[in-house]
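Examination of the molecular architecture
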Amino acid sequence: MIVVTGATGNVGRALLRTLAADGHSVTAVARHIQNSDIPADIPADIPAGVRAIAADLGVPTSLDSALTGAKSLFLLVAGDDPAGVLARAKAAGVTKVVLVSSQGVGTRPDGAYAHAARFERAVVASGLAYTILRSGGLDSNAFAWAEPIRAQRLAPAPFAEVGLPFVDPEDVAAVAAAALTEDGHDGATYVLTGPAPTTPRQRAAAIGEAIGAPVTFVEMTREEARAQMSQFMPPEVVEGTLSILGEPTPEEQTVSPDVERVLGRPALSFSAWAQRNAAAFR
C-alpha cells in the first residue's frame, strides 16, 4: 500500500493516476475528502479503486487509519510536526518515504524555506528509506491567470523578462512514482525543473497559442505583486517567492538533468502543459 498525502493537489492528483494505472494499491489522503472505501462515494478526481481518507498532516494522529497496512508514504511539506508524522508512519510499518520539498532549500535554506528544510532533516533522521524531491516552480502556478485570461485575455505578473525553468506537475509525479516503486532511489535528493527557462511573458504567449487567442501580458510592479500574494501567503513566503521570481540565483535558472535521468525522457515543456490544460483558460 502507498499512501499519497496532498492527494487533491496538482502533483497528488497526477501521482494517484499514475500509481492506480500501474496497478498499485493506493490510499489518497487530503484534509477535505470524503471518507469512504466505496468507489461511487469517492470524489471524481480520485481514481476508481483508490481508498480515500480525510486526514490532516498538522494532526499526525489523524493519519493512523490511512497508514494502516502502508509500506510507502508520499509526503508534503505541510503542518508543523514532521517528526510526529514520520513516527506515526514508522509505527504503522511504513519503510519508505518520498518527500516533495522545494529547490529553495538548496538555494535559500533560511527564511521562507526553513520550514521545508526542517521537513528534509526530519526525513533524513527518521531511519526510513527516503528520497527527497526539490521541485522548482510548478507550471500549474499559471492557473492563477485562468480568471483574467477567460474574462479579459490578460495575464498579469511581475518580472516579465526573468526566466525560470518551471516544472510540469506530471513530471514531479512521475519521478515520485519511480522513487516510490523502483529500486535505486534511496538516499537521493533530486532537483526537478522543466527543460528550459521561460519568462512570464513567454508563458502567457504559450497559453495564447494553446487557446487559439492572443493573451496580453501585463507587467505588475513588485509592490502590486506583493499586495496580491499577501492575500494568501505568509509574509516570509511572499518575500521569498518574489526574490526567486525577480532575482533568481544562477542555480535557480539552471536546468537540472534529474527528471530526464530518472524518467529516461526529457522533461515536459511549459507549452505542452498549456496545451494539456487549455480548457481552464478558454
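This section reports on the structure supplied with the text. Treat the numbers as computed from the prediction; the structure is a model and nothing was measured. (Residues numbered from 1 in each chain as written. Predicted model: local features only at pLDDT ≥ 70, side-chain atom pairs only at ≥ 80, totals over all residues. Heavy atoms only, no water.)

**Quick word on the sheet that holds strand β6 (residues 129-135)**
Put simply, the test is: Note on pairing: two strands pair once DSSP finds at least 2 bridges between them. Secondary structure elements are taken from DSSP: a helix is a run of H or I of four residues or more, a strand is a run of E of two residues or more, and numbering for both begins at the N terminus. Where helices are involved, their axes are fitted lines through C-alpha atoms of the stretch in contact, as for all axes, and angles between N-to-C directions lie from 0 to 180°.
Judged by pairing direction, the sheet is parallel, and its 7 strands sit side by side in the order β3-β2-β1-β4-β5-β6-β8 without closing on themselves. Because the sheet does not close on itself, it has two edges, and the strands there are β3 (51-54) and β8 (189-192). On average, each strand axis in the sheet is inclined to that of its neighbour by 20 degrees, with strand direction left out of account. Pairing of strand β4 (residues 72-76) with strand β5 (residues 96-102) involves 5 bridges; the strand directions are parallel. Residue pairing for β5: L76 is matched across the bridge by V100.

**Remarks on the packing of helix α3 (residues 82-92) against helix α5 (residues 114-125)**
Inclusion rule: With respect to orientation, any angle under 35 degrees is reported as roughly parallel, any angle over 145 as roughly antiparallel, any angle of 65 to 115 as roughly perpendicular, and every other angle as oblique. It is the rotation of the near helix from the far one that decides the hand of a crossing: anticlockwise by less than a right angle makes it left-handed, clockwise makes it right-handed. It only takes one pair of heavy atoms within 4.5 Å for two residues to be counted as in contact. Classification used: nonpolar for Ala, Val, Leu, Ile, Met, Phe, Trp, Tyr, Cys and Pro, charged for Asp, Glu, Lys and Arg, polar for all others including Gly.
One can describe the packing of α3 onto α5 by two numbers: an axis separation of 9 Å at closest approach and a directional angle of 30 degrees. With respect to their mutual orientation, α3 and α5 come out roughly parallel. Considering the relative orientation of α3 and α5, their crossing is right-handed. Contact residues: α3 offers P82, A83 and L86, while α5 offers R118, F119, A122 and V123. Taken together, the residues that form the contact of α3 with α5 break down as 6 nonpolar, no polar and 1 charged.

**A few points about the packing of aromatic side chains**
Heads up, the condition is: A pair of aromatic rings is counted whenever rings of Phe, Tyr or Trp (Trp by its six-membered ring) have centres within 6.5 Å, and the orientation is called stacked for planes under 30 degrees apart, edge-to-face for over 60 and tilted otherwise. Remark: exposure states derive from per-residue accessible area (1.4 Å probe, protein chains only) relative to the maximum for the residue type, with buried under 20%, exposed over 50%, and partly exposed in between.
Throughout the structure, instances matching the rule amount to 5 aromatic pairs. Ring geometry for W145 against F217: centres 6.5 Å apart, planes inclined by 80 degrees, an arrangement best described as edge-to-face. Placement of W145 in the loop between β6 and α6 (146-152) and of F217 in strand β9 (residues 216-220) is noted, with a sequence separation of 72 residues between them. The pair formed by W145 and F217 is uniform in burial state, with each residue classed as buried. In this structure an aromatic cluster arises from ring pairing among F143, F270, W273 and F281.

**A few points about the side chain of S72**
If you trace the backbone, S72 turns up in strand β4. Residues in contact with S72, not counting those within four places in the same chain, are M1, I2, V3, V94, K96 and L180.

**A short note on helix α10 (residues 235-246)**
Rules: In this scheme, a helix's expected span is set at 1.5 Å multiplied by one less than its residue total.
Taking 1.5 Å per residue, 12 residues should reach 16 Å; α10 reaches 16 Å between its end C-alpha atoms and fits that length. Along α10, the positions that sit buried rather than exposed are V238, G240, T241, L242, S243, I244 and G246. In the core, the buried residues of α10 are packed alongside α9 (222-229).

**Focus on the packing of helix α1 (residues 10-21) against helix α7 (residues 169-181)**
Across the interface, α1 lies against α7 with an axial gap of 8 Å and an inter-helix angle of 50 degrees. Our classification of the angle between α1 and α7 gives oblique. In the packing of α1 onto α7, the handedness of the crossing is right-handed. Two secondary-structure elements touch here, α1 through N10, V11, A14, L15, R17, T18 and L19 and α7 through P169, E170, V172, A173, A176, A177, L180 and T181. Along the lines of polarity and charge, the residues of the contact of α1 with α7 split into 10 nonpolar, 3 polar and 2 charged.

Everything listed here is a matter of coordinates, which is why it stays silent on function.
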